[in-house]
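One-letter residues, chain by chain:
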Amino acid sequence: AQAGLVVAPQAPTVVLLLGLKGAGKTTFAAKLALHLRKSGGKPLLVSADPYRVAGAQQLQTLGRQYDVAVFAGDPADLQKLGREALAEARRLNATALIVDSPGYVQLDEDVIDEIKDLESSFAPHETLLVVDAMTGQEAVHVAEEFRNATPITGFVLTKLDGDARGGAALSIRAITGLPIKFVGTGERADALEAFHPDRFAQRILGMGDVLTLIEKAQQAIPQEDVQAFGKKAKLNQLDLNDFVAQMQRMRSMGPLGDIIGMIPGLGGIKRQLQATQIDDTFFKRMEAIVFSMTPAERRNPDIINGSRRRRIAAGSGTTPADVNQLLKQWKEAKKIMQAMASGRTAKLLGIR
Ligand SMILES: Nc1nc2c(ncn2[C@@H]2O[C@H](COP(=O)(O)OP(=O)(O)OP(=O)(O)O)[C@@H](O)[C@H]2O)c(=O)[nH]1
Ligand SMILES: [Mg+2]
């Protein structure tokens, strides 16, 4: 039961984003565009913010960064902007037009008029209200207010990576009866998840989110690689080359802290980790060590003795103790991977 976006019978599907100032609309616009592009769609972004040039620029920058087209029109005339953006979307054969809007400080008469103008200019198939989860119960209040003022079709809850535990998500759903379509879990454009109420409830209870982790892994790792890896693991043929490949895949899945947070029992560790710090230095150091080894050493780390260890440390700008630590971690990882490949995962995780 996943609440995805509706798809318009005739492209483009128009998605209008609304929300209070700083809720995360522009960030989410980029996240959604990237998500749609990754699943084979062709999004076009447009900024409908008549007040802040910076808002349109932020969208332009994000578009360039994630290789998504951004339509630059004149936001002073919303009707004209709507016509032109839709024409451009059709010309580009875009599957979706994502409309970013100004951040409102509060919902008053003028704002409601402007939202009506936005709706009539773009005729959206989805009007998503972006709410900041960090504001807790206030988010529920905002959701209700907007819901009463305009025809919202769903919600996006942002900043769930922070201290917000997301109780607001469940309240918003219960109170408005409308779906939460996505949750934002970070500032980066790949920090977006579809909302699964059942998993979400689990996460709130601090149990991690293995299903999301598996989904992410499936996206990041091609199926052939998984099979080849499993076969090697079973035959006990994994070496340090696989270790590095594995780490690179993990990195492509997103910040390490996010991944750790999804593993049951490790949610607490996440808070203690300065995830962004270990991300780069940690992985880079590991890679540098492995890349300083000879092919023979990578295939068979058992031959690494004291003098080899010193050579590797010097070559990678680390210490022999660092090299030792990596070899120890490798042994542990290998044990786990072998167990997984031989179907003893459940036992290993203490499920059986
Ligand atoms: N940690 C975290 N930060 C987020 C998330 N989404 C957005 N942000 C941050 O929140 C701040 C505001 O995000 P914007 O996307 O500019 O918000 P906005 O609603 O477009 O803001 P206005 O256009 O000024 O109304 C930025 O610093 C973002 O990086 C999220 O899911 N997690
Ligand atoms: Mg914005």
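Treat the numbers as computed from the prediction; the structure is a model and nothing was measured. Along each chain, residue indices are assigned from 1 in the same order as the chain's sequence is written. All chains are assigned letters beginning with A, and all ligands numbers beginning with 1, in the order in which they are written. Residue-level local features of this predicted model are given only where pLDDT is at least 70; pairs of side-chain atoms are given and counted only at 80 or more, and the full residue set underlies all totals for whole chains, interfaces and linings. As a rule here, side-chain values come from all non-hydrogen atoms in the structure, and water together with hydrogens is ignored.

Overview of the nonpolar core
Here is a general trend for soluble globular proteins: nonpolar side chains tend to be buried in one another's company. Buried residues of nine kinds, namely Ala, Val, Leu, Ile, Met, Phe, Trp, Tyr and Cys, make up a nonpolar core once their side-chain atoms join them within 4.5 Å. The rule is simple: take the accessible area with a 1.4 Å probe, protein chains only, and divide by the maximum for that residue type; under 20% is buried, over 50% is exposed, in between is partly exposed. The biggest cluster of nonpolar side chains holds 41 residues, and the ones touching the most others in it are L97, F122, L129 and I172. Apart from the residues lying within four places of it in its own chain, the contact partners of L97 are P12, T13, V14, V15, L44, V46, A85, L86 and F122. Counting 23 residues, the second largest nonpolar core, distinct from the first, contains V15, A29, L34 and L45. Residue contacts follow a heavy-atom distance rule, with two residues in contact if any of their heavy atoms lie within 4.5 Å.

Brief notes about the sheet that holds strand β8 (residues 192-194)
Strands pair in a sheet through their backbones, by hydrogen bonds, and they do so in one of two ways: parallel or antiparallel. Strands are treated as partners if at least two bridges between them are detected by DSSP. Note on conventions: DSSP H or I runs of at least 4 residues are helices, E runs of at least 2 residues are strands, and numbering of each starts at the N terminus. The eight strands are arranged β3-β2-β4-β1-β5-β6-β7-β8 in an open sheet whose pairing can be described as mixed. The open sheet has two free edges, formed respectively by β3 (69-71) and β8, since each of these has just one partner strand. Shown here is a sheet whose adjacent strand axes are inclined to one another by a mean of 25°, direction ignored. Two strands pair when backbone bridges link them, and strand β2 (residues 43-47) and strand β4 (residues 96-100) are joined in this way by five bridges, in the parallel orientation. When the bridges of β4 are listed, L45 appears paired with I98. Sitting on the sheet, helix α1 (residues 25-38) is in contact with β1 (13-19), β2, β4, β5 (126-132), β6 (154-158), β7 (180-184) and β8, with an inclination near 170° to β4. Only the contacting stretch of a helix is used when fitting its axis, a line to C-alpha atoms as for every element, and angles between N-to-C directions run 0 to 180 degrees.

Side note on the packing of aromatic side chains
Each pair of aromatic rings taken from Phe, Tyr and Trp, with Trp reduced to its six-membered ring, is defined by centres within 6.5 Å and is described as stacked if the planes are under 30 degrees apart, edge-to-face if over 60, and tilted in the remaining cases. Taken as a whole and judged by the stated rule, the model has one aromatic pair. With centroids separated by 5.7 Å and ring planes inclined at 50°, the aromatic side chains of F28 and F182 adopt a geometry described as tilted. Linking F28 in helix α1 with F182 in strand β7, this pair joins segments that are 154 residues apart in sequence. Accessibility classification places F28 together with F182 in one group, the buried group.

Things to note about the side chain of T176
Turning to its location among the elements, T176 is positioned in helix α6 (residues 167-176). Since its relative accessible area comes to 8%, T176 is described here as buried. Discounting residues that sit within four places of it in the chain, T176 has contacts with A143, E144, R147 and F155.

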